[in-house]
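As a plain string of letters, each chain reads:
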Amino acid sequence: MWELVLVMLERLGIIVTVAFVMTRFKFVRHLIEKRKIARHSRVSVIVMFGLFGIIGTYTGLKVNPEQATYFRWVVGIEEGEAIANSRVIGVVVAGLLGGWKVGIGAGLIAGVHRYFLGGFTAFACGLSTIIAGAIAGYFYKSNKNNRIISLQTALVVGMLAEAVQMGVILLVARPFDQALLLVGDIGVPMIIANGIGTAIFILIIRNVIHEEEKIGSLQAQKALKLADLTLKYLRKGLTTESALPTCKILLKEIQADAVSITNRERILAFTGVAQDHHVGNEGIRTQATKRVLKDGEVVIAGQDEINCGVRDCPLHAAIIAPLKIKEETIGTLKFYFKTEKGPSPTTIELSKGLSTLLSHQLELSEVDRHLELAKQAEIKALQAQVSPHFLFNALNTIIALIRTDPMKARRLLVSLSHFFRQNLSGTTITQTSIEEDLKHVKAYLEIEQARFSDKLTVHYDVDPKALPIKVPPMTLQPIVENAIKHGLKPLQNDSYLSIQIEKGEDVVLLSVSDNGIGMGTKRIDELGNERVHSKTGTGIGLVNINRRLQMMYGEKAGLNIESEKGRGTTVSFHIPLKVRGNDGYE
């Protein structure tokens, strides 16, 4: 008996080879991966597994139970002979993967074939083969939610199906004595061998799936890595400056011989083999590239379609993928190869994935651009709100002086004129130097000191090194105006205002302090975050400044207000030096 077990296990090597070949077929792989089968593919799957069962019949051992002899290959079967075979493996696997319809269909093919081979077990073996497909189909239903059939299930179902076959032989095959003798000889070896064979087939399938998942995981990791490396460039948009470093990164990481990026009209960048005659800033000549730009679909181009015009060009194939923004093709990503066989399927899929990821990055660049435009528009609107705020207060001051001191009013008008010339130019920019902003403040304070009739003392403590640093236009003046109007105006005399600007290592600190009436904690929490209506103002000044600072430098750059009733107020903020635009500080 054990000799028969060893011989049958030896024959499983053939079955393993056939199983591996079967996993190369596309519809079988789809069945393995999805555990589902399309209607148009069902017949193909049934026929293939049915043929697998037939192969299992022919690779079996011809047995004569009365003479206790074995024949290595099955060619024909005499009346008193039977077959110890692995036919049930193909049928069981068909049922486990495709359900009862596929299992019974494969069982019919293999079973009918076995019946016509003849022998006293012909009908019993044919019938049991169909039953095996039904049994496997039952286990398919109970394991349908499991992505992969377990080895234990495959082993049990394979052994069960073979055990049922032995039972059917005893029930149906005649003469009974001969059937009993046959089952006694081959029953246990066939149950063991076919159970192991079914488990080995499922093991092969599991390895195929795991290998593909591993490859897919590696490709996904590579794609995400490349997306991360190219993000800082493509977020700036599709330009020559962003395309060239992107091509260099892709060439280093992808198994390609050259990489190119184009927009709709010209080559933005090319790097790799043949870059001596494939150069940037040339117009697009390749018909395949033009087809991708028109249709928005990936094209695998041969040497004829590359058509660079150079006779000895080493590039013989290319993957040309579209780069899109909102379904509109704005350019192409091209991978070139020297081999005439062209790129592998894995490289093609990776190229498609990369074109999608890079397209998303370009979409983000458009979002960034629109957000920046919206931010600039909001900054301009905020600046426009500040201008009339100052104008109305300044004009009221000058109107009051015209009757009492016309010459002083004239000087103040000159100062006001100077202020608004700078103010109007400030609406076209989002940043100005602290020095220019301080001039605005001094022009304003000339008017306010005239209003206070020498009751106001102003002290400047300014670090000259801080003067070139950039700030949003008209930042200090509304803070100073707010201090005078709400903090100092109620005082009868000895009004004091201090403006301090200090440059540190990482930030410039700007603060405006007064010795006015101060305010409570609730008022402090409201200022700078929402409009605080009062009898003397609209409440938009500090809100606008706080908003502009946060938009340009982040939430931490907002206004900091310290005050106590009867003890004055200090409003301060800081400008980070490591921001683009602060005169070389990066």
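Because the structure is predicted, anything quoted here is derived from the model rather than measured. (Residues numbered from 1 in each chain as written. Predicted model: local features only at pLDDT ≥ 70, side-chain atom pairs only at ≥ 80, totals over all residues. Heavy atoms only, no water.)

(A) The overall build of the protein chain, seen in detail. Within the protein chain one finds 17 helices and 15 strands. Here the protein chain holds 586 residues, and the buried ones make up 50% of them. Taking the intrachain contacts of the protein chain between residues at least 6 apart in sequence as the baseline, contacts between residues at least 24 apart amount to 68%. Just so you have it, the protein chain exposes about 29000 Å², and 56% of that area is on carbon and sulfur atoms. (Helix = DSSP H or I, 4+ residues; strand = E, 2+ residues; numbered from the N terminus. Buried < 20%, exposed > 50% of the residue type's maximum accessible area, 1.4 Å probe, protein only. Contact = heavy atoms within 4.5 Å. Areas by Shrake-Rupley, 256 points an atom, 1.4 Å probe, with all protein chains shown as cover.)

(B) Structural context of the nonpolar core. Membership of the largest hydrophobic core comes to 37 residues, with the highest contact counts inside it found for Leu-445, Val-480 and Ile-501. Within the residue set of this core, elements represented by two or more residues are helix H14 (434–452), strand E10 (456–462), helix H15 (476–488), strand E12 (495–503), strand E13 (507–514), helix H17 (541–553) and strand E15 (569–576). Setting aside its immediate chain neighbours within four residues, Ile-501 contacts Ile-434, Leu-438, Asp-461, Val-462, Asp-463, Ala-466, Leu-476, Val-508, Leu-509 and Leu-510. Membership of the second largest hydrophobic core comes to 31 residues, among which are Met-22, Ile-149, Ala-154 and Ile-209. (Core = buried A, V, L, I, M, F, W, Y, C linked by side-chain atoms within 4.5 Å.)

(C) Molecular detail of the environment of Phe-20. Among the secondary structure elements, Phe-20 is positioned in helix H1 (residues 2–22). You can call Phe-20 partly exposed: its relative accessible area is 44%. Placed 188 residues apart in sequence, Phe-20 and Val-208 show a C-alpha to C-alpha distance of 8.9 Å.

(D) The arrangement of the pattern of salt bridges in detail. Scanning all chains against the criterion turns up three salt bridges. A salt bridge links Lys-439 to Glu-436; the nearest nitrogen and oxygen atoms lie 3.5 Å apart. Of this pair, Lys-439 and Glu-436 both sit in helix H14, three residues apart, which is roughly one turn of that helix. With its nearest N and O atoms 4.0 Å apart, the salt bridge here joins Glu-481 to Lys-485. Residue Glu-481 and its partner Lys-485 are located together in helix H15, separated by four residues, close to a single helical turn. Taken as a pair, Glu-481 and Lys-485 share a single burial class, namely buried. (Salt bridge = Lys/Arg side-chain N within 4 Å of Asp/Glu carboxyl O.)

(E) Broad picture of the sheet that holds E12. Read across the sheet, five strands follow the order E10-E12-E13-E15-E14 without closing on themselves; strand pairing throughout is mixed. With one partner strand each, in any of the chains shown, E10 and strand E14 (560–563) form the two edges of the open sheet. This sheet shows a mean twist of 10° between the axes of neighbouring strands, independent of strand direction. In terms of strand pairing, E12 meets E13 through seven bridges, oriented antiparallel. By the bridge assignment for E13, Leu-497 is matched with Asp-514. Against the sheet, H15 touches E10, E12, E13 and E15, its axis set at about 20° to E13. (Pairing = 2+ DSSP bridges. Axes fitted to C-alpha atoms, helices over the stretch in contact; angles between N-to-C directions.)

(F) Geometry of the confidence of the model for the protein chain. Mean pLDDT over the protein chain: 79, with 79% of residues reaching 70 or higher. For the stretch residues 531–539, pLDDT sits under 50, and the model shows 19 contacts to residues farther than four places along the chain or on other chains. (pLDDT = per-residue confidence, 0-100.)

(G) Just the packing of helix H4 (residues 87–98) against helix H7 (residues 151–172), in detail. Remark: H4 packs on H7, axes separated minimally by 10 Å, with the N-to-C direction vectors making an angle of 125°. One way to sum up the angle between H4 and H7 is to call them oblique. Of the two elements, H4 crosses H7, and the hand of that crossing is right-handed. Listed contacts from H7 to Arg-87, Val-88, Val-92 and Leu-96 of H4 are Ala-154, Val-157, Gly-158, Ala-161, Glu-162 and Gln-165. Tallied by class, the residues present in the contact of H4 with H7 amount to six nonpolar, two polar and two charged. (Parallel < 35°, antiparallel > 145°, perpendicular 65-115°, else oblique. Left-handed = near helix turned anticlockwise from the far one by under 90°. Nonpolar A, V, L, I, M, F, W, Y, C, P; charged D, E, K, R; others polar.)

(H) Highlighting the environment of Ile-202. As for its position among the elements, Ile-202 is in helix H8 (residues 176–234). Sequence separation between Ile-202 and Leu-97 is 105 residues; the distance between their C-alpha atoms is 9.5 Å. In this view, Ile-202 contacts Ile-149, Ser-150, Leu-151 and Ala-154; residues no more than four positions away in its chain are not counted.

(I) Here's a closer look at the pairing of strand E1 (residues 61–64). Of the two faces of E1, both are covered, the one formed by Leu-61 and Val-63 as well as the one formed by Lys-62 and Asn-64. Inspection of the sheet shows E1 paired to strand E3 (residues 82–84) by three bridges, in the antiparallel sense. In the strand pairing of E3, Val-63 is matched with Ala-82.

(J) A look at unusual backbone geometry. A cis amide bond, omega 5°, links Arg-174 with the succeeding residue Pro-175. For Pro-175, the position within the fold is in the loop between H7 and H8. For Ala-274, which is not glycine, the phi dihedral falls at a positive 70°. In this structure, Ala-274 sits in the loop between strand E5 (267–272) and helix H10 (287–295). We classify Ala-274 as buried; its relative accessible area is 10%. In this structure, Asp-494 is a non-glycine residue whose phi angle is positive, near 55°.

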